[in-house]
Amino acid sequence: MKDPIADLTFEEMEAPRSKLLTLRDLKLIRQWLPSELKSCSIRRLFQLGKNKVDIPSLCKELCGKGATLFICKDGSGKKFGGFMDKDWGSAPKGSPLKSQNAFLFSLDYQEKYGIMNDGSNAGFINVINGPCFGHDLFFCWDTLRVSLNRTCYDVDVFKMYDGLEFTLAEMEIFCFSSKGKSRDDSIDDSIDESKGICSIF
């Protein structure tokens, strides 16, 4: 019998330890990922509410982890997020991340929103704002406010979430790893197989 809390892969189409992702969500996101990540395991690095929002610590945790996946939920229940293929610590200090593969997405509308320009401002990270997808998915961590400006990504504002700014209700951040890499045993979650979604208790 498979360990219900082991790292799970996109290839196996099973849900990772998550409060927000369903199997349908995983299948959809997998279609949008670069080919080299489609069969990787994903591991949760951060969960809003379970981990303290300490921006310097979050920045340090993200740097060196490679590609990351952000899943967010607003107060109305809309689910959306962003994918960054570059390591958040790979750009020189104070410089934005450049990428043609980063994207935002709406899970409710099942739509992907790609880069509009040359991708030179796909993302940035600092100890004030933390990780942000350009100024398009922009986090104000001190108040948990999120805003959208549509400067880098071809995003439909009202499909992403209700309005241009809101308070973040839930959020999870995942990183990718090769198959067989050991999991983080500090996270103790279980999968509700009847719903095809992971539950956190």
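Look above for the structure.
Read on for a plain summary of the structure. (Residues numbered from 1 in each chain as written. Predicted model: local features only at pLDDT ≥ 70, side-chain atom pairs only at ≥ 80, totals over all residues. Heavy atoms only, no water.)

### Structural notes on the pattern of salt bridges
Think of it this way: side chains of opposite charge can pair up when their charged atoms draw near.
Now for step 1: Within this structure, the stated rule accounts for 6 salt bridges.
Now for step 2: A salt bridge links Arg24 to Asp25; the nearest nitrogen and oxygen atoms lie 3.9 Å apart.
Now for step 3: Classification of Asp25 as buried rests on a relative accessible area of 1%.
Now for step 4: Between Lys65 and Glu61 there is a salt bridge whose closest N-O contact spans 3.6 Å.
Now for step 5: A relative accessible area of 26% means that Lys65 is categorised as partly exposed.
Now for step 6: A single salt-bridge network, built from bridges that share partners, covers Lys19, Lys73 and Glu170. (Salt bridge = Lys/Arg side-chain N within 4 Å of Asp/Glu carboxyl O. Buried < 20%, exposed > 50% of the residue type's maximum accessible area, 1.4 Å probe, protein only.)

### Examining the state of the cysteines
Now for step 1: Within the structure shown, the criterion is met by 0 disulfides.
Now for step 2: Free of any disulfide, Cys59 has its nearest neighbouring cysteine sulfur in Cys63, separated by 6.5 Å. (Disulfide = S-S within 2.5 Å.)

### Details of helix H2 (residues 55-62)
Now for step 1: Ile55, Leu58, Cys59 and Leu62 are the residues of H2 that are buried. For H2, the angular spread of the buried residues around the axis is 100 degrees, confining them to a single face.
Now for step 2: On its buried face, H2 sits against strand E2 (41-47), strand E3 (68-73), strand E7 (124-126), strand E8 (130-132) and strand E12 (170-177).
Now for step 3: Of the residues flanking the end of H2, it is Gly64, one or two places downstream, whose phi is positive at about 95 degrees. (Helix = DSSP H or I, 4+ residues; strand = E, 2+ residues; numbered from the N terminus. Arc of directions from axis to C-beta. Contact = heavy atoms within 4.5 Å.)

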